[in-house]
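Residues per chain are reported as follows:
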Amino acid sequence: MVTFINSRLGARLLAFLLIGVFLSFGTLTYLVVRRERNVLMKFNREKSSLLADSITRSLRGAMLEKDPAIVRQMLGKYDSEDGIQTAIFRTDGSRAYGDIDWSVPLDLISSAEETTVQAPGSLIFLKPLFNEKECYACHGSQDRVRGVVAVRIPTAGAEKEVGSTAEGIAVFAALTALLSGAGLVFTIRRMISKPLLVLKEGTEKIRDGDLGHRIDMDRNDELGSLAVAFNQMMEKIEDGTRIYGNLKDHNELSDAIFDCTMSGVAVLDKRGTVMRINQAGSDILKLSGETIVGRKIVEVYPETKEMLVVGSEIGREVTVVLRDGVPTPIGFTNSPLFDKNGSEQGIVTVFRDLTEIKELQSEVRKKHHFESMGKIISGVAHEIRNPLFAIQSIAQLLEREIEHEQHQTLLGALLKETSRMRNLVDELLLYGKPSALNITDVSLGALMAELKEYCKAKDNKVNLSIKAPPLATIRADKDKLFQVFLNLLDNALGAGSTQVTIASEKAGSLIRILIKDNGAGIREQDLERIFDPFFTTKKEGTGLGLPICKKIIEDHGGSIEAQSQEGKGTTLMLTLRSGK
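Residues numbered from 1 in each chain as written. Predicted model: local features only at pLDDT ≥ 70, side-chain atom pairs only at ≥ 80, totals over all residues. Heavy atoms only, no water.

The next subject is the overall build of the protein. From N to C terminus, the protein includes 16 helices and 17 strands. For the protein, buried positions account for 34% of its 580 residues. Working note: accessible area of the protein is about 35800 Å², and carbon and sulfur atoms make up 55% of it. (Helix = DSSP H or I, 4+ residues; strand = E, 2+ residues; numbered from the N terminus. Buried < 20%, exposed > 50% of the residue type's maximum accessible area, 1.4 Å probe, protein only. Areas by Shrake-Rupley, 256 points an atom, 1.4 Å probe, with all protein chains shown as cover.)

Listed below in structure tokens is the structure:
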């Protein structure tokens, strides 16, 4: 019982049933009491009507005798111990005979109809006294009604009887409700509450993660069917959970692959609207995913219309002008997107920024070009070197033997140009042939000290500032690396620099060296060509100094870059491998 009462569903069900019982018996009591009251009232009206008829018939004889005492005696005969009273009222509403202390409404007299009036504690029946032919002798024939006969019957007894009946029915209803409630509690607890409690405990165990729990209920009714359906549902949920776990792992793996792919991946529908794009794709297109998803890709970048054409060719590319205004080469491949039914739903496009690849390809082509030129230059230099040596030797002999001043001047010019040509051939051989490097750990501090001494000896007006980390070393060929620094320093001095700063820093396994001067600088249109062979802005330059420096640095596995602004100096950045 306690378990049932503590069950909110059981308590509500019991409350509803008890309320239903009380309402049913209450309605029944009301109907019975109302019917009994109506029956009693009808009986009283019939009783009053009979008395009024009897009084009317007796009154006719008394009126013919013209004896009022007979009328009083007759009315007293009809009064009883039950409280019944009789009276006769005139047409003006005044009482003629009897004991009823009541004023008859004139409209009831003039209506000339039998009627019943409900008075406090009583019921009054009114019967009109019509002016008949026998009465014309005394009363004349003008009036139709001469008065009314009133019979007053008290209703207190009837009301008491009705109340007693109502109390009996109420007691019977209460006892019936209690007995019904007890029976309902027992029935509901056995047939509903216990099975529902079993179902509730089962759902709580499943809520707590015990998906293998099953409900044991041997019943052939709806609750038994519910338990069977519950167990079947849990078997499907358990199977679905395993499938969901597998799908979740698969989807998470797919999402991770999609988001972590270095190439851009975009999923488009048939109209070219971007349904999904990964982070790499957003970065390549310089747009956030929220900005581009839901929009047609050709509306964002019209150049991408070729991406909407599905093709199996490898190496397709388009040039897209991105939001920053930079034309960017984008390589892509695409394939149709199908749903599980094999119906084509859109396009999957994989793309990437080809800018670095294009630059590397350009560098490779340039390197191959320079290597080819180096081989040609080396061959030509070898062919020129021996005849040039012979010409220089003959010129030197003639210079010693010829005394004519004009001829001496010509031979001096010849020797000067021959010497310049020989220096050019030496530089060509140095640029063209592969470097044989003697790699060791070179102290950067010692190398900078030698460079400072060279600068002081060459031009003591130049302020050379050196900032190098202590004990820093470089994996390099010391002589060739020193040749690079000498060449770069000579270029700075040749540009009119009065302040040269060399600063270095270690970055992991690399050392970066910045050489900055305050010379004339390089024109913007010339900056990209300073490392090309034979490009020079000097009257007596060969155009091989910086290309040779670049070749030596690259032979060491490093790189060299230049930044300059005309009239504000030049900065060169060298990157080399750090020593141990």
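After that view of the structure, there is still more to cover.
A few words now on the packing of helix H13 (residues 444-458) against helix H14 (residues 478-494). Between H13 and H14, the shortest axis-to-axis distance is 11 Å and the interhelical angle comes to 40 degrees. Judged on the interaxial angle alone, H14 and H13 are oblique. In this structure, H13 meets H14 at a crossing whose hand is right-handed. When H13 is examined against H14, the residues Leu 447, Met 448, Glu 450, Leu 451, Tyr 454, Cys 455 and Lys 458 are found in contact with a partner set consisting of Lys 478, Leu 481, Phe 482, Phe 485, Leu 486, Leu 489, Asp 490 and Leu 493. Considered class by class, the residues forming the contact of H13 with H14 number 11 nonpolar, no polar and four charged. (Axes fitted to C-alpha atoms, helices over the stretch in contact; angles between N-to-C directions. Parallel < 35°, antiparallel > 145°, perpendicular 65-115°, else oblique. Left-handed = near helix turned anticlockwise from the far one by under 90°. Contact = heavy atoms within 4.5 Å. Nonpolar A, V, L, I, M, F, W, Y, C, P; charged D, E, K, R; others polar.)

Right, let's talk about helix H16 (residues 545-555) for a bit. With respect to burial, H16 is a largely interior element, eight of its 11 residues being buried. For H16, the full list of buried residues reads Leu 546, Pro 547, Ile 548, Cys 549, Lys 550, Lys 551, Ile 552 and Ile 553. Phi for Gly 557, located one or two positions after H16, is positive at around 80 degrees.

Now for the sheet that holds strand E7 (residues 274-277). What the five strands build is an open sheet, ordered E7-E6-E10-E9-E8; its pairing is antiparallel. One side of each edge strand has no neighbouring strand; the edge strands of this open sheet are E7 and strand E8 (316-321). On average, each strand axis in the sheet is tilted by 30 degrees relative to the strand beside it, whichever way the strands run. Note that E8 and strand E9 (residues 327-338) share six bridges and pair antiparallel. Looking at E9, one finds that Val 318 is bridged to Ile 330. (Pairing = 2+ DSSP bridges.)

Further remarks concern a nonpolar patch on the surface. A surface patch of nonpolar side chains, about 340 Å² in accessible area, is lined by Phe 16, Ile 19 and Leu 23. Note that Ile 19 resides in helix H2 (residues 8-65). (Patch = residues over 30% accessible without salt bridge, like charges linked within 9 Å, V, L, I, M, F, W, Y side chains within 5 Å. Salt bridge = Lys/Arg side-chain N within 4 Å of Asp/Glu carboxyl O.)

The next thing to look at is the pairing of E8. Only one face of E8 is buried, namely the one carrying Arg 316, Val 318 and Val 320, since none of Glu 317, Thr 319 and Val 321 on the opposite face is buried. With antiparallel pairing between neighbouring strands as the criterion, E8 and E9 make up a hairpin whose turn holds five residues, including Gly 325 at a positive phi of roughly 80 degrees.

Phi at Lys 286 is positive, roughly 60 degrees, even though this residue is not glycine. Mapped onto the elements of the fold, Lys 286 is located in the loop between helix H8 (279-285) and helix H9 (289-292). Given the relative accessible area of 44%, Lys 286 is considered partly exposed.

This part is about the pattern of salt bridges. For the structure on display, the rule yields six salt bridges. When the shortest N-O distance is used, the salt bridge between Lys 551 and Asp 555 registers 3.2 Å. Of this pair, Lys 551 and Asp 555 both sit in helix H16, four residues apart, roughly one helical turn. The exposure class assigned to Lys 551 is buried, which follows from its relative accessible area of 18%.

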